[in-house]
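# Structure assessment
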Amino acid sequence: MREFRDPIHGFVELEEDEAEIVDSPPFQRLRRVSQLGLTSYVYHGAEHSRFGHSLGTMYLATLAFERLAGRPDLDLKWTQDEVRRKRKLVRLAALLHDIGHAPFSHTGEGRLFRQPDGHDHYGREIIRTTVVGQIIDHHGAVLGVTAKDVADILDPASITPDQFLKELISGEFGVDRMDYLTRDSLYCGVKYGIFDFTRLVHTLMLREQEAGGLVLALDEGGLHAAEALLLARYFMFTQVYFHHVRRAYDLHLTDVIAEALNGTYGERKYPEQTAAYLKWDDRAVWRLASEMAASGQSEAAARVLERRHYVRVYDTGPVPQRETIYRFDEMVDAVRGRYAGMVFLSDAAADHPERYRRTDIHVRRHAPQQWVSFAAESTAVAGLQEVFQMRLYTDVRGNRQLQDEIASFCHDHLP
Amino acid sequence: MSLTDTRAGIILRLVDELHDVRKIQLQKLVYFLQSRGVPLGYRFVMHHYGPYSFELDDHISLLDAASAIQVSVDPEGYGYHITGGDFRPEAWVKAGAEQDRLVGQVIGDFQGYNAADLELAATIHFVHEILGDPDEARVVEVVHELKPKFPPPTIKREFQRLVDASYLPAGRRAPGA
């Protein structure tokens, strides 16, 4: 048994196969993939990597699964062998759920991948085709767990009888979210992401749907912990993940990586071959960015290295008015036409994977015994609206007059 | 993934025709419209109640934020239901009208279907697509494994109905069937 000392969860224990996976080059690469991209340019403590988060997610997945499997009020009818198999499956899937992340995590996801499911595609390929899959198949034979089984749990498009395990890891109240909200909060030095995830894990339930099949549910004792998770998600999104300076660097860094890819392969997309993809991590990008900036090849690289980001000139706030939602792109075109010599970058929360969204989960009430809807029962999050913030950035650093002029033009065009 | 005029128009058209529709049902109707060739480009995955598109869910929320529709909690059940809003830009209305025939056809094909019926129909179709030219028996087997409360004869009947309505090609029969 190998142990890792984790800042959130204390000791995370790994079994023999898991330790071999963690020692493998594809997993060690996660030490060189920052969890939050260039958020450290705003919150300088945010230098943690996907490595720790992957271990933490596995830890919580195990806690949650063992709790569910052991609940006396759930008549699951699983044999001991089935329990052992599902436990191993969920541990491996949780450990490997982020193994396909690109440099700087979500930076550039909409532009730099040729596959619609981006890094998840590479994650499944790494599991299936590299040493990681060989380790799983070698050790998993005893329990009947294969690399394909693990990849299927991480594939939203796959059909598997263990559908609820997908939700346990990646769902709206899944352990992935529980870990990263808490972890990101700690490393950023903020308190927005703190909530009682231990309580939430202990109150997770399973419910059999009308059509059959199990879905994740909640005991009423976890209602407030679930509300706290959603509040954490909302505030972490508005204050950290969608911070206007952090997002400016996401846009610049995407350009840097695109230029680096173009210089390497002749196109602005990550390579199709998994082995070539695995060579890309944060350090590779920093090295190329330094070379491109030093040679004068890349303005974007210079901006990132020297922390000279574009400044926001227009910001809708978290909940834009309806005309703004409808006509934002039109406004951006008008600005580009009016200030033709300048470069404008636009950004939208709608494109962000961590955008706060409404969600629902079944809650089991005790008096009377009945299933109810979280969305209907919860009052604390009823007032939260989904975030559709939009922004426009340009290079007006040190030119307050021009910044104000462009801002006025935008506001004249839109409310 | 942007909210194009076509996507917005289709969603609004469906909501306007149905007046009050559960989000789960809207998801399935859009799924079938896309299967009929309407170029929406949504990626569907298997979720709690059959095929589901997260991008479509985002666009439903965006239209709600724009007051083009109203999404409300279903106080008597689970999830959300959708009614019409008052924001109706011409481009969206026009784009929706261009697909009137297909929207009407899909609504008609699944008239009287409740959420469970739609779940079954959409799951059958989705499984058929995922498995790639399976025979009918294989589809029934996989759907029954995913949704065990639907007995195989019920699944088979719905499979045949989808074939008759041209949502599925005539199923290959398993050897000896």
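Note that the structure is predicted; figures quoted are calculated from it, not measured. (Residues numbered from 1 in each chain as written. Chains lettered and ligands numbered in written order. Predicted model: local features only at pLDDT ≥ 70, side-chain atom pairs only at ≥ 80, totals over all residues.)

Now for the sheet that holds strand β4 (residues 214-219) of chain A. Residues and elements named next belong to chain A. Spatially, four strands are ordered β3-β4-β7-β8 in an open sheet, and the strand pairing comes out mixed. Edge positions in the open sheet fall to β3 (204-208) and β8 (369-373), since each of these has one partner strand only. Ignoring which end each strand starts from, the neighbouring axes of this sheet average 40° apart. For β3 and β4, the ladder comprises five bridges, and the chain directions are antiparallel. Each bridged residue has a counterpart across the sheet, and for R207 the counterpart in β4 is V215. (Pairing = 2+ DSSP bridges. Helix = DSSP H or I, 4+ residues; strand = E, 2+ residues; numbered from the N terminus. Axes fitted to C-alpha atoms, helices over the stretch in contact; angles between N-to-C directions.)

Formed by 163 residues in total, the largest nonpolar core has its most connected members in A61, A93, V150, L168, A226 and L229 of chain A. Not counting residues up to four positions away in its chain, the partners in contact with L168 of chain A are A61, A64, F65, V90, G174, V175 and L216 of chain A. (Core = buried A, V, L, I, M, F, W, Y, C linked by C-beta atoms within 7 Å. Buried ≥ 20, exposed ≤ 12 C-beta atoms within 10 Å, placed from the backbone. Contact = placed C-beta atoms within 7 Å.)

This part covers the sheet that holds strand β1 (residues 20-22) of chain B. The strands that make up a sheet are held in pairs by hydrogen bonds between backbone atoms, and each pair lies either parallel or antiparallel. All names here are of chain B. Across the sheet, three strands lie side by side as β1-β5-β4; this open sheet has antiparallel pairing. Each of the sheet's edge strands pairs with one partner strand only, and the pair in question is β1 and β4 (69-73). Shown here is a sheet whose adjacent strand axes are inclined to one another by a mean of 25°, direction ignored. Against the sheet, helix α2 (residues 23-35) touches β1 and β5 (80-84), its axis set at about 85° to β1.

So, on to the domain arrangement of chain A. Accessible area lost when the parts come together is the quantity often used to give the size of an interface. Residues and elements named next belong to chain A. We note that the domain assignment places domain 1 (2-243) and domain 2 (245-352 + 388-413) within chain A. For domain 1 and domain 2, the distance between their C-alpha centres works out to 30 Å. In this assembly, 29 residues from domain 1 lie in contact with 28 residues from domain 2. In terms of residue count, helix α6 (residues 118-129) provides more of the side of domain 1 that touches domain 2 than any other element does, four residues in total. When its residues are assigned to classes, the side of domain 1 that touches domain 2 shows 14 nonpolar, 10 polar and five charged. (Domains from an automatic or database assignment. Nonpolar A, V, L, I, M, F, W, Y, C, P; charged D, E, K, R; others polar.)

Residues and elements named next belong to chain B. Between its first and last C-alpha, helix α6 (residues 115-131) extends 24 Å over 17 residues, near the 24 Å set by a 1.5 Å rise per residue. Within the sequence span of α6, burial applies to L118, E119, L120, A121, A122, T123, I124, H125, F126, V127 and H128. Its buried side turned inward, α6 meets α2, β2 (45-47), β3 (50-52), α7 (136-146) and α8 (152-164). Two residues or fewer past α6, G132 is found with a positive phi of approximately 70°. (Expected span 1.5 Å × (residues − 1).)

It is worth spelling out the interface of chain A and chain B at this point. Contact with chain A, which involves 25 residues of that partner, is made by 29 residues of chain B. Secondary-structure elements contributing two or more residues to the side of chain A that touches chain B are α17 (322-338) and α18 (374-377) of chain A. Looking at which element gives the most residues to the side of chain A that touches chain B, the answer is α17 of chain A, with three residues. Within the side of chain A that touches chain B, the residues separate by chemical class into 14 nonpolar, six polar and five charged.

All names here are of chain B. Here α2 crosses helix α5 (residues 100-109) at 125°, and the two axes come no closer than 10 Å. Between α2 and α5, the interaxial angle falls into the category oblique. Note on packing geometry: the crossing formed by α2 with α5 is right-handed. Between α2, through L29, F32 and L33, and α5, the contact on the second element is made entirely by L102, V103, V106 and I107. (Parallel < 35°, antiparallel > 145°, perpendicular 65-115°, else oblique. Left-handed = near helix turned anticlockwise from the far one by under 90°.)

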